[in-house]
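Residue strings, one per chain:
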Amino acid sequence: MKYIKQFIIILAISFAGELLHSVIPAPIPASIYGLVLMFLLLFTKILKVEAVKETSAFLIEIMPLVFIPAAVGLVNSWELISGKWYMYVTVIIVTTVLVMAVSGLVTQLVIRLGKKNKNGSSKE
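Residues numbered from 1 in each chain as written. Predicted model: local features only at pLDDT ≥ 70, side-chain atom pairs only at ≥ 80, totals over all residues. Heavy atoms only, no water.

*Asks:* Looking at this structure, I do not really get the overall build of the protein chain. What am I missing?
*Replies:* When helices and strands are tallied, the protein chain shows seven helices and zero strands. N-terminal to C-terminal, the α/β element order of the protein chain is α-α-α-α-α-α-α. Relative to its length of 124 residues, the protein chain is extended, with a C-alpha radius of gyration of 19 Å against a globular reference of 14 Å. Taken over the C-alpha atoms alone, the protein chain extends approximately 65 × 40 × 35 Å along its principal axes. Taking all 124 residues of the protein chain together, 10% fall into the buried category. A separation of at least 24 residues holds for 52% of the contacts in the protein chain among residues at least 6 apart in sequence. Entry remark: accessible area of the protein chain is about 10500 Å², with carbon and sulfur atoms responsible for 76%. (Helix = DSSP H or I, 4+ residues; strand = E, 2+ residues; numbered from the N terminus. Rg over C-alpha atoms; globule rule 2.2 N^0.38 Å. Buried < 20%, exposed > 50% of the residue type's maximum accessible area, 1.4 Å probe, protein only. Contact = heavy atoms within 4.5 Å. Areas by Shrake-Rupley, 256 points an atom, 1.4 Å probe, with all protein chains shown as cover.)

*Asks:* Explain the packing of aromatic side chains here, please?
*Replies:* For any pair of aromatic rings, the description rests on two quantities: the centre-to-centre distance and the angle between the ring planes. One pass over the full model with this rule turns up two aromatic pairs. Look at Phe39 and Phe43: their rings are 5.5 Å apart centre to centre, the planes differ by 20°, and that puts the pair in the stacked class. Linking Phe39 with Phe43, this pair stays in helix H2 (residues 30–43), spanning four residues, or about one helical turn. Each member of the pair, Phe39 as well as Phe43, is classed as exposed. The ring centre of Tyr3 lies 5.6 Å from the NZ or CZ of Lys2, which sits over that ring. (Phe/Tyr/Trp six-rings, centres within 6.5 Å; stacked < 30°, edge-to-face > 60°. Lys NZ or Arg CZ within 6 Å of the ring centre and 35° of its normal.)

Next comes the structure, spelled out in structure tokens:
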């Protein structure tokens, strides 16, 4: 029953992301709205990590299964892609490096801010 409750919480947040996507006229995917909502709820401790921990770990474990339809689509579209493969590879490499760099910088910033807050709050 715990897993069903956790899954319903995750689905509700995803649905809220879908609602925001339909209401806000910005070119942002609904899944991003859902991720931001989940982050804000966890960050503000409105939602405890324990409320979604086990089910989210399970969903992360089975995440590779989600990419199977996309891989099949690539195989089916190979005639269209094969003439421009070098462009796709270039985009993949550049965006991967950019995502890694931005993720690393944001992580370092969050760690530094966490250390500042920890040091600052211990003096009070």
